[in-house]
Amino acid sequence: MTRTAGVMLLSSLLIAFGFNQLLIPHKMISGGVSGITMIIGYATALNIGWLYFILNVPILIWGWRVLGVRFVGWSMFSVVATTIALQLIPIKPIVTDLTLGAVFGGVVVGFGSGLSFRAGSSTGGFDIIATILTRRRDLSIGMLIFVMNGAVIVALGLLTKNWDIALFSLLSIFTTGKIIDLIHIQHAKVTAFIVTSQTEALRLALLPLHRGITVIRTRGGYTDSEYDMLMTVTTRFELTQLRKIISSIDPKAFVNIVETVGTMGEFRKPII
């Protein structure tokens, strides 16, 4: 938990730094909920950090209902930490060139968001929406966020008629999406083979992950003892949560995790 909190704090600082020192000084936006708050902030002079927090609340409630308490709990932690960091880091440009601001702003924000995803959480906003959608469809989370954020950029261009800033913002969002995919690899699949003596307890604990589970009867070649092996296909993103569940139920379980080239048939179970 301490490690996760540290990663989330670093993620929040990187995102706030990218906003306040690379994007906001040039009136660029990051897209999504943060982009919407930036548009409102530029138009009304309201505090962007607090707007970011307020607009995230209904999305966090939706995420809590669909994705579970742990994921959204850390996402709320991230949103609060980012809000505070936005108040502490001064809005001051470190570069004067718009291209540098857009590209490196995207790199910094993408790196911060990617760290959050790897820790098993998100930065709130469209990250949560994208996570819900990628559980229903086998899509790249970074590119999905890019598409949703692109809609916000189009809205910015239509409203302000300043397509230079809008397109530089789009460049920043594209860079953010690519960096997230490099770090997070949401759509990369793995198969876990779990040999356990706590079959039923572990099976029930894994069901909330909404992945198919196959129970296979096995016999130890050395001990001649009979066990059950649970086989499940998941993604790298959910692997952290899978490991924690296994450790909490059966710390002595033998787990073999292998890369999965592809799948056929129903991979994703609809979320109830």
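Keep in mind that what you see is a predicted model, and the values were worked out from it rather than measured.

## Some details on the confidence of the model for the chain
Averaged over the chain, the pLDDT score is 82; the fraction of residues at 70 or greater is 86%. Across the chain, the element-wise mean pLDDT spans from 69 in helix α6 (residues 126-136) up to 90 in helix α1 (residues 2-23).

## Observations regarding the pattern of salt bridges
A side chain with one charge may pair with a side chain of the opposite charge, provided their charged atoms come close. Inspection of every chain in the model, using the stated rule, returns 3 salt bridges. Ionic pairing is found between Glu200 and Arg203, a salt bridge with its closest N-O pair at 2.6 Å. Here the residue Glu200 and the residue Arg203 both occupy positions in helix α9 (residues 199-206), the gap between them amounting to 3 residues, near one helical turn. Using a relative accessible area of 26% as the deciding quantity, one classes Arg203 as partly exposed. Taken together, the shared-partner salt bridges connect Arg217, Glu226 and Asp228 into one network.

## Details of the sheet that holds strand β1 (residues 189-196)
The strand order across the open sheet built from 4 strands is β2-β3-β1-β4, with neighbouring strands paired in antiparallel fashion. Where the open sheet ends on each side, the last strands, each with one partner, are β2 (213-219) and β4 (254-260). Strand-to-strand, the axes of this sheet are offset by a mean angle of 20 degrees, without reference to chain direction. The pairing of β1 with β4 spans 7 bridges and is classified as antiparallel. Bridging across to β4, Ile194 finds its partner in Val255. This element, α9, spans β1, β2 and β3 (226-235) of the sheet and lies at about 10 degrees to β3.

## Describing the nonpolar core
Membership of the largest hydrophobic core comes to 35 residues, with the highest contact counts inside it found for Phe19, Ile29, Met38, Phe126 and Ile128. With 6 residues, helix α3 (residues 48-67) is the single largest residue contributor to this core. With 12 residues, the next largest nonpolar core counts Ile194, Leu239, Leu242 and Ile245 among its residues.

## Re the packing of aromatic side chains
Within this structure, the stated rule accounts for 1 aromatic pair. Each ring, one from Trp74 and one from Phe77, has its centre 5.4 Å from the other, and the planes form 75 degrees; the classification is edge-to-face. In this pair, Trp74 and Phe77 both sit in helix α4 (residues 69-88), 3 residues apart, roughly one turn of the helix. The class for Trp74 is buried, based on a relative accessible area of 14%. We classify Phe77 as partly exposed; its relative accessible area is 30%.

## Some words on unusual backbone geometry
Positive phi, normally seen in glycine, also occurs at Lys27, with a value near 60 degrees. Here Ala45, not a glycine, exhibits a phi torsion of approximately 70 degrees, which is positive. As for its position among the elements, Ala45 is in the loop between α2 (32-44) and α3.

## Points about the side chain of His26
If you trace the backbone, His26 turns up in the loop between α1 and α2. One polar contact links the side chain of His26 to the main-chain carbonyl oxygen of Val95, over a distance of 2.9 Å. Residues in contact with His26, not counting those within four places in the same chain, are Pro93, Val95, Thr96, Leu98 and Ile165.

## Let's talk about the pairing of β3
As paired elements, β1 and β3 share 8 bridges and run antiparallel to each other. Within β3, the position partnered with Ile194 by the bridge is Leu230. As paired elements, β2 and β3 share 7 bridges and run antiparallel to each other. Following the sheet pairing, Arg217 is matched in β3 by Asp228. Between β2 and β3, which follow one another and run antiparallel, lie 6 residues, and Asp224 among them has a positive phi close to 65 degrees.

## So, a nonpolar patch on the surface
On the surface, Ile36, Ile40, Leu46, Ile54 and Leu55 cluster together to form a nonpolar patch covering roughly 390 Å² of accessible area. Within the residue set of the nonpolar patch, elements represented by two or more residues are α2 and α3. Topologically, Leu46 is positioned in the loop between α2 and α3. On the accessibility criterion, Leu46 (48% relative accessible area) is partly exposed.

## Topic: the packing of α1 against helix α5 (residues 98-118)
Running from N to C, α1 and α5 cross one another at 165 degrees; their axes reach a closest spacing of 8 Å. On the basis of the axis angle, α1 is roughly antiparallel to α5. Crossing geometry of α1 relative to α5 is assigned as left-handed. Mapping the contact onto sequence places Val7, Met8, Leu10, Ser11, Leu14, Ile15, Phe17, Gly18, Phe19, Leu22 and Leu23 in α1 and Gly101, Ala102, Phe104, Gly105, Val108, Val109, Phe111, Gly112, Ser113, Leu115 and Ser116 in α5. Looking at the contact of α1 with α5 residue by residue, the classes come out as 15 nonpolar, 7 polar and no charged.

About the criteria used
Residues numbered from 1 in each chain as written. Predicted model: local features only at pLDDT ≥ 70, side-chain atom pairs only at ≥ 80, totals over all residues. Heavy atoms only, no water. pLDDT = per-residue confidence, 0-100. Helix = DSSP H or I, 4+ residues; strand = E, 2+ residues; numbered from the N terminus. Salt bridge = Lys/Arg side-chain N within 4 Å of Asp/Glu carboxyl O. Buried < 20%, exposed > 50% of the residue type's maximum accessible area, 1.4 Å probe, protein only. Pairing = 2+ DSSP bridges. Axes fitted to C-alpha atoms, helices over the stretch in contact; angles between N-to-C directions. Contact = heavy atoms within 4.5 Å. Core = buried A, V, L, I, M, F, W, Y, C linked by side-chain atoms within 4.5 Å. Phe/Tyr/Trp six-rings, centres within 6.5 Å; stacked < 30°, edge-to-face > 60°. Polar contact = N/O pair within 3.5 Å; in protein donor to acceptor, adjacent residues only side chain to side chain. Patch = residues over 30% accessible without salt bridge, like charges linked within 9 Å, V, L, I, M, F, W, Y side chains within 5 Å. Areas by Shrake-Rupley, 256 points an atom, 1.4 Å probe, with all protein chains shown as cover. Parallel < 35°, antiparallel > 145°, perpendicular 65-115°, else oblique. Left-handed = near helix turned anticlockwise from the far one by under 90°. Nonpolar A, V, L, I, M, F, W, Y, C, P; charged D, E, K, R; others polar.

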